[in-house]
Amino acid sequence: RKGLMKRKSILAIGLAAVLALALLYYLLPRSFSQAMGGGFDLAQVDQVDVLLSKIDAQGPGSQASTPLSPEDSRALLEKLNSRSYFLLPGRKPNWEITLGYDVRLGFSYHGYSHYASLSFCGDSELEVFGTAHHHPRTIRVSGDNAAFQRELLALLLEAEGRTHGT
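Below, the structure is looked at part by part. (Residues numbered from 1 in each chain as written. Predicted model: local features only at pLDDT ≥ 70, side-chain atom pairs only at ≥ 80, totals over all residues. Heavy atoms only, no water.)

If you walk through the whole model with that rule in mind, you get 2 aromatic pairs. Taken together, a centroid distance of 5.8 Å and an interplanar angle of 65 degrees make the contact between F32 and F107 edge-to-face. You can see F32 sitting in helix 2 (residues 32-36) and its partner F107 sitting in strand 4 (residues 101-109), a full 75 residues away along the chain. One aromatic cluster is present, formed by F32, Y85 and F107 through successive ring pairs. (Phe/Tyr/Trp six-rings, centres within 6.5 Å; stacked < 30°, edge-to-face > 60°. Helix = DSSP H or I, 4+ residues; strand = E, 2+ residues; numbered from the N terminus.)

Its 12 residues place the ends of helix 3 (residues 70-81) 16 Å apart at the C-alpha level, agreeing with the 16 Å of an ideal helix rising 1.5 Å per residue. Here helix 3 has its buried residues at D72, S73, L76, L77 and L80. Down the axis, helix 3 shows its buried residues gathered within 130 degrees of arc, on one side only. Turned more than 90 degrees from where helix 3 packs its buried face, E71 and E78 sit exposed. (Expected span 1.5 Å × (residues − 1). Buried < 20%, exposed > 50% of the residue type's maximum accessible area, 1.4 Å probe, protein only. Arc of directions from axis to C-beta.)

What follows is about the pattern of salt bridges. This model, assessed by the stated rule, comprises 3 salt bridges. Note that R104 is salt-bridged to D102, the shortest N-O span being 3.0 Å. Taking the relative accessible area as the measure of exposure, R104 reaches 34% and is therefore partly exposed. Given the relative accessible area of 11%, D102 is considered buried. Across the salt bridge formed by R140 and E125, the nearest N and O atoms sit 3.1 Å from each other. Of this pair, R140 sits in strand 7 (residues 137-141) while E125 is found in the loop between strand 5 (114-120) and strand 6 (126-129), placing the two residues 15 residues apart along the sequence. Residue classification places E125 among the buried positions, given a relative accessible area of 2%. (Salt bridge = Lys/Arg side-chain N within 4 Å of Asp/Glu carboxyl O.)

A word on the pairing of strand 4. Taking burial as the measure, the 9 residues of strand 4 include 8 buried ones, the bulk of the element. Bridge analysis of strand 1 (residues 45-56) against strand 4 gives 9 bridges, and the strand direction is antiparallel. Following the sheet pairing, L51 is matched in strand 4 by R104. (Pairing = 2+ DSSP bridges.)

These figures come from the coordinates and say nothing about function on their own.
Below you can see the structure in the form of structure tokens.
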């Protein structure tokens, strides 16, 4: 009887430890590459494509699709890599458009054989779609997420202005 209780206690402690490790796995901050998942490596990105969709009170407006220059790509990737990210399993972004833009970034690497994307619109979450998982994942940026998204948008609008000569 005493041995059975001891085994049950050990089993309960082991199960609690496994659950704690699984929870810790989701709570730990990740680099941008880790948040993207699937072996995504910022150092291997060949091209960054940007789709900016202006959205105002009347609804969707103009759209601009632009490949970033190597310099602008580097600046964007450095900005993205400067933060930590948290996975939000099972959660979907609300898509509350508070930036005035819906922003979609596409990352091509290994000669376009792999493609991953990041989407945001000012909502409290970002959505990533990496190459190894077949469904989008929701992530949150460490710190002030809204300010970070505004910084990213400003960088992208400035790059678009240089590209289109405005």
